[in-house]
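# Architecture and fold: a report
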Amino acid sequence: MKDLVNTITDKDGNVVKVSMTNNEGSSVTIHTYGATIISWICKGEEQLFLSKKAVLDGTKAIRGGIPVVFPQFGPGALPQHGFARTTVWEFLGYKVCQSGIRVKFLLKHNANTLSTPWGYKFKLYYTIELTKNSLELTLECTNLDDVPLEYTTLLHTYFRADIDQTKVHGLEGLKYNDMVAKSSDSVETGKILTISERIDRSYKNTPEIVKVEVGNGRKIEIKSNNFKDTGMYIYAPFSAFLPVWEKIEMLYRTLLH
Ligand SMILES: O=P(O)(O)OC[C@H]1O[C@@H](O)[C@H](O)[C@@H](O)[C@@H]1O
């Protein structure tokens, strides 16, 4: 019988990739660099976008999949999107539960993180559960410092989408910041958002469930809870706008705390 959880190690015995497969044939693969989920196959289809030019050797953030952004979203005192996506996480092990298979990763402060402008002592646990038709991602941050700790975090999910057929439901009436037009607090007027040009927006106070049609009949339901604010980032860079990339068709949603 096929193993439920497999690890790939480097020549020094360090875990580089962890993959789990369930009896229904769904699978997920996580790179320990950034605890980045680089593949999620569900119902026989890859659900995530991973750039053909993604670098997986630990020299730069992995382009695509689901990078973990922590402790800073966007630009700021730290490099863009913080250090979690460019740090190797510890693989803590796995558990087979009634609902699915779970793997757990840990990121803890170290000499490097303590020397940054965000030099707190912390532990960040990341649990990834694969069920028949879903992926459940849980982040738990523990403050080990003597002072309050502030962070923003998000699960920067790049879905594989046919951009011409993509429809996002549930954004009507929400305010958003538009990083392309460089404006803030625009209001979404459409019931369904379709994408015909490059979009880079953060929607505020999105509902707990957002439904996205990503083409060829594939529908994704994104549920979030316990995040103070949630944001919807739709980022569709086309080759015309970013000629250095291969034609990218993707959509991502992130959760901002
Ligand atoms: O290129 P990076 O650092 O991985 O960031 C990817 C994207 O991240 C998003 O959160 C930003 O809104 C985009 O503007 C940015 O391009």
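Residues numbered from 1 in each chain as written. Predicted model: local features only at pLDDT ≥ 70, side-chain atom pairs only at ≥ 80, totals over all residues. Heavy atoms only, no water.

### A look at unusual backbone geometry
For the bond running from F70 to P71, omega is 0°, close enough to zero to count as cis. With a phi close to 50°, A35 is a non-glycine residue in the positive phi region. Considering the arrangement of structural elements, one finds A35 in the loop between strand 3 (27-31) and strand 4 (36-42). If you check the backbone angles, K182 has positive phi at about 55° while not being a glycine. Relative to the helices and strands, K182 resides in the loop between strand 14 (175-178) and strand 15 (183-187). (Helix = DSSP H or I, 4+ residues; strand = E, 2+ residues; numbered from the N terminus.)

### So, the sheet that holds strand 1 (residues 5-9)
In space, the five strands of this open sheet follow the order 1-2-3-4-5, with antiparallel pairing throughout. The open sheet has two free edges, formed respectively by strand 1 and strand 5 (45-46), since each of these has just one partner strand. Sheet topology note: the strand 2 (residues 15-21)/strand 3 ladder contains five bridges and is antiparallel. Paired with V18 across the bridge in strand 3 is I30. (Pairing = 2+ DSSP bridges.)

### Some thoughts on the pattern of salt bridges
For the structure shown, the criterion picks out six salt bridges. In the salt-bridge network here, residues are joined through shared partners; they are D178, E188 and R201. (Salt bridge = Lys/Arg side-chain N within 4 Å of Asp/Glu carboxyl O.)

### Quick notes on the environment of S196
As for its position among the elements, S196 is in the loop between strand 16 (192-194) and strand 17 (200-204). Here S196 falls in the exposed class, since its relative accessible area comes to 70%. Residues S196 and Q165 lie 31 residues apart in sequence; the distance between their C-alpha atoms is 9.8 Å. (Buried < 20%, exposed > 50% of the residue type's maximum accessible area, 1.4 Å probe, protein only.)

### A short note on the UniProt feature "binding site: substrate" (unreviewed entry) in the chain
With numbering matched to this structure, UniProt assigns "binding site: substrate" (unreviewed entry) to R63, Q80 and R85. Look at the named residues: they lie 23 residues apart in sequence, but the longest C-alpha span between them is just 13.3 Å, so in the fold they bunch up. With respect to the helices, strands and loops of the structure, R63 is situated in the loop between strand 5 and strand 6 (68-69). The class for Q80 is partly exposed, based on a relative accessible area of 42%. In this view, Q80 contacts Q72, G74, P75 and R85; residues no more than four positions away in its chain are not counted. (UniProt positions renumbered as here; feature names shortened; annotations may be inferred. Contact = heavy atoms within 4.5 Å.)

### Brief notes about the packing of aromatic side chains
Scanning all chains against the criterion turns up 11 aromatic pairs. Aromatic pair F70 and Y151: ring centres 5.1 Å apart, planes at 50°, arrangement tilted. Note that F70 is positioned in the loop between strand 6 and strand 7 (90-96) and Y151 in the loop between strand 10 (135-143) and strand 11 (154-155), a separation of 81 residues in sequence. Arranged with centres 5.4 Å apart and planes meeting at 70°, the rings of W118 and F122 form a pair that is edge-to-face. The burial state of W118 is the same as that of F122; both residues are buried. Site record: aromatic cluster; members linked through ring pairs are F70, F83, W118, Y120, F122 and Y151. The side chain of K104 reaches across the aromatic face of Y125, ending 5.0 Å from its centre. (Phe/Tyr/Trp six-rings, centres within 6.5 Å; stacked < 30°, edge-to-face > 60°. Lys NZ or Arg CZ within 6 Å of the ring centre and 35° of its normal.)

### Re the pairing of strand 1
Direction of pairing for strand 1 relative to strand 2: antiparallel, over a ladder of five bridges. Note on strand 2: the bridge partner recorded for N6 is S19. Where strand 1 folds back on strand 2, the antiparallel hairpin that results is connected by five residues, among which G13 adopts a positive phi of roughly 85°.

### Section: the side chain of R85
With respect to the helices and strands, R85 occurs in the loop between strand 6 and strand 7. For R85, which is buried and forms no salt bridge, the nearest opposite charge comes from D200, at a distance of 12 Å. Of note is the side chain of R85, whose polar atom sits 3.2 Å from the backbone oxygen of Q80. Filtering out sequence-adjacent residues up to four positions away, R85 remains in contact with Y33, G34, A61, P67, V68 and Q80. (Lys, Arg positive; Asp, Glu negative; His and termini not counted. Polar contact = N/O pair within 3.5 Å; in protein donor to acceptor, adjacent residues only side chain to side chain.)

### Describing the nonpolar core
Among the nonpolar cores identified, the biggest contains 44 residues, and I37, W89, V103, F105, Y126 and I128 are the most heavily contacted of them. When residues of this core are traced back to their parent elements, those giving at least two are strand 2, strand 3, strand 4, strand 8 (101-108), strand 9 (122-130), strand 18 (209-215) and strand 19 (218-223). With five residues, the single largest contributor to this core is strand 9. Both domains that furnish three or more residues to this core are identified here as domain 1 (1-159) and domain 2 (161-257). (Core = buried A, V, L, I, M, F, W, Y, C linked by side-chain atoms within 4.5 Å. Domains from an automatic or database assignment.)

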